[in-house]
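Coordinates in review
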Amino acid sequence: MIATQSDSDGNTYSIWQQNQMNSCAVASMWMARNLVRQQTMMESEWELAQRFYRAAVNDMFAPLGVDPNGPMCLNPGSFPSDRSSMASTLANTGFKIDHIVRALENDGIIVDVQRRQPNAPPLTMNPRLLGPTTPAIIGVYWNGGGGHAIVVPRMTAAGRVVYLDPWDGNLIEQANSGTYNARYGGQGQIGVIFYLMPDRMCRMP
């Protein structure tokens, strides 16, 4: 399901609405892709998302038997907290960083990855790297374990971060502190940021 919401500056966004605790990285990738291209997202596009992100989607989802007909997520509570299986690894840590980068680059998107260093404070957003065609995908590491992928399209005129959360399909604005407080109770810190921009040398489908 796609939800439509506006930020405090009047910009309107489409958000994949999820129904499970852990994020689907593919949903965030597809939202960000459409922001880069300034295209409208449609309910019927999940098969198209699979085609563009075949390496990330098929390689990771196929062994799990996940239905490809919708933007599915995995609940980390249903799996062990270790990496004893493909399912537990994906449910608790999501896609590996290189899966996301490779899939987006193959789709004609330039990716600049910033990672939080051990024992360093959480990452904050750089407003100079955000714009109408240059969104970001962030990786939030929940304080209680597990992770979540969220799209950040921009910062408001008041300097607040705009988050497009695929778990509940909501837009939320918060201070640029490196901490994310979800409406559904989760709290975590930003551990990785994927700043995206179109590759002008590539032909975008």
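Residues numbered from 1 in each chain as written. Predicted model: local features only at pLDDT ≥ 70, side-chain atom pairs only at ≥ 80, totals over all residues. Heavy atoms only, no water.

**Here we look at the environment of P166**
Stated formally: Helical segments are the DSSP runs of H or I of at least four residues, strand segments are the runs of E of at least two, and each set is numbered from the N terminus. Buried residues are those whose accessible area, probed at 1.4 Å on protein chains only, stays under 20% of the maximum for their type, while exposed residues exceed 50% and partly exposed ones sit between those limits.
The topology assignment puts P166 in the loop between β6 (161–165) and β7 (170–174). Given a relative accessible area of 0%, P166 falls into the buried group. On a C-alpha basis, the gap between P166 and I150 in space is 6.7 Å, while along the polypeptide they are 16 residues apart.

**Some points on the side chain of D165**
Let me state the cut-off plainly: Here the positive residues are Lys and Arg and the negative ones are Asp and Glu; neither His nor the chain ends is included. Here a salt bridge means any side-chain nitrogen of Lys or Arg lying within 4 Å of a carboxyl oxygen belonging to Asp or Glu. Working rule for contacts: check all heavy atoms of both residues, and any pair within 4.5 Å makes them a contact.
Examined against the element boundaries, D165 turns out to sit in strand β6. Buried and unpaired, D165 has R183 as its nearest opposite-charge partner, separated by 8.3 Å. If sequence neighbours within four positions are ignored, D165 has contacts with I15, W16, H148, I150, N170, Y180, A182 and Y184.

**Regarding the layout of surface pockets**
The condition that has to hold: In this analysis the probe radius is 1.4 Å and the grid spacing 1 Å, with only protein atoms considered; a cavity is a set of points the probe fits into but cannot get out of, a pocket is an open set with protein on both sides within 12 Å along at least five of seven lines, and lining residues have an atom within 4 Å of a point. Grid points are joined across faces, edges and corners, and a volume is the space filled by probe spheres set on the points. Lys, Arg, Asp and Glu make up the charged group, whereas Ala, Val, Leu, Ile, Met, Phe, Trp, Tyr, Cys and Pro make up the nonpolar group; the residues left over, Gly among them, are polar.
Computed from the structure, the second largest pocket encloses a volume of approximately 330 Å³. Secondary-structure elements contributing two or more residues to the lining of the second largest pocket are β2 (12–16) and α1 (25–37). Among the residues making up the lining of the second largest pocket, the classes are represented as 7 nonpolar, 9 polar and 1 charged.

**Considering the nonpolar core**
Heads up, the condition is: For this analysis, a nonpolar core means a set of buried residues of the types Ala, Val, Leu, Ile, Met, Phe, Trp, Tyr and Cys, connected via side-chain atoms within 4.5 Å.
Grouped together as the largest cluster of nonpolar side chains are 27 residues, with contacts concentrated most on M29, L104, I137, L164, F194 and L196. Looking at this core, the elements with two or more residues in it are β2, α1, α5 (97–106), β3 (109–115), β5 (147–152), β6 and β9 (187–198). Ranked by residues supplied to this core, first place goes to α1 with 8 residues. Grouped together as the second largest cluster of nonpolar side chains are 18 residues, I138, A182, I190 and Y195 included.

**Focus on unusual backbone geometry**
If you check the backbone angles, Q38 has positive phi at about 55 degrees while not being a glycine. Considering the arrangement of structural elements, one finds Q38 in the loop between α1 and α2 (46–52). Here the phi dihedral of N119 falls at roughly 65 degrees; this positive angle occurs in a residue that is not glycine.

**Here's the deal with α1**
The following threshold applies: For a helix, the expected span equals 1.5 Å multiplied by the residue count minus one.
Taking 1.5 Å as the rise per residue, α1 with 13 residues should run 18 Å; its terminal C-alpha atoms sit 18 Å apart, in good agreement. Following α1 by one or two positions, Q38 has its phi on the positive side, about 55 degrees.

**Topic: the packing of aromatic side chains**
To be explicit about the condition: For this analysis, a ring pair means two rings from Phe, Tyr or Trp (six-membered ring only for Trp) whose centres lie within 6.5 Å, classed as stacked if their planes differ by under 30 degrees, edge-to-face if by over 60, and tilted for the remaining angles.
This structure, assessed with the given rule, holds 4 aromatic pairs. Ring geometry for W142 versus Y180: centroids 6.4 Å apart, planes at 40 degrees, classification tilted. In this pair, W142 is assigned in strand β4 (residues 136–142) and Y180 in strand β8 (residues 179–181), connecting sequence segments 38 residues apart. Grouping residues by exposure puts W142 and Y180 together as buried. Ring geometry for W167 versus Y184: centroids 4.2 Å apart, planes at 45 degrees, classification tilted. Of this pair, W167 sits in the loop between β6 and β7 while Y184 sits in the loop between β8 and β9, and the two are 17 residues apart along the sequence. Owing to a relative accessible area of 21%, Y184 belongs among the partly exposed residues under this scheme.

**Observations regarding the environment of N181**
Just so we agree on the cut-off: Under the rule applied, a polar contact is a pair of N or O atoms within 3.5 Å (in protein, one hydrogen donor and one hydrogen acceptor; residues adjacent in sequence only if both atoms are side-chain atoms).
The topology assignment puts N181 in strand β8. For the pair N181 and W142, spaced 39 residues apart in the sequence, the C-alpha separation amounts to 9.7 Å. Each residue touching N181, except ones within four places of it in the same chain, is listed here: I172, Q174, G186 and Q187. Polar contacts involving the side chain of N181 include one to the side chain of Q187, which spans 2.5 Å.

**Concerning the pattern of salt bridges**
Inspection of the entire model under this criterion finds 4 salt bridges. Salt-bridge contacts for D9 lead to R154; the nearest nitrogen and oxygen are separated by 3.0 Å. Of this pair, D9 sits in the loop between β1 (2–6) and β2 while R154 sits in the loop between β5 and β6; the two residues are 145 residues apart in sequence, bridging distant segments of the chain. Between D107 and R33 there is a salt bridge whose closest N-O contact spans 2.6 Å. Of this pair, D107 sits in the loop between α5 and β3 while R33 sits in helix α1, and the two are 74 residues apart along the sequence. Of the residues examined, D107 reaches a relative accessible area of 6% and is grouped as buried. When salt bridges that share partners are traced, they join D7, D9 and R154 into one network.

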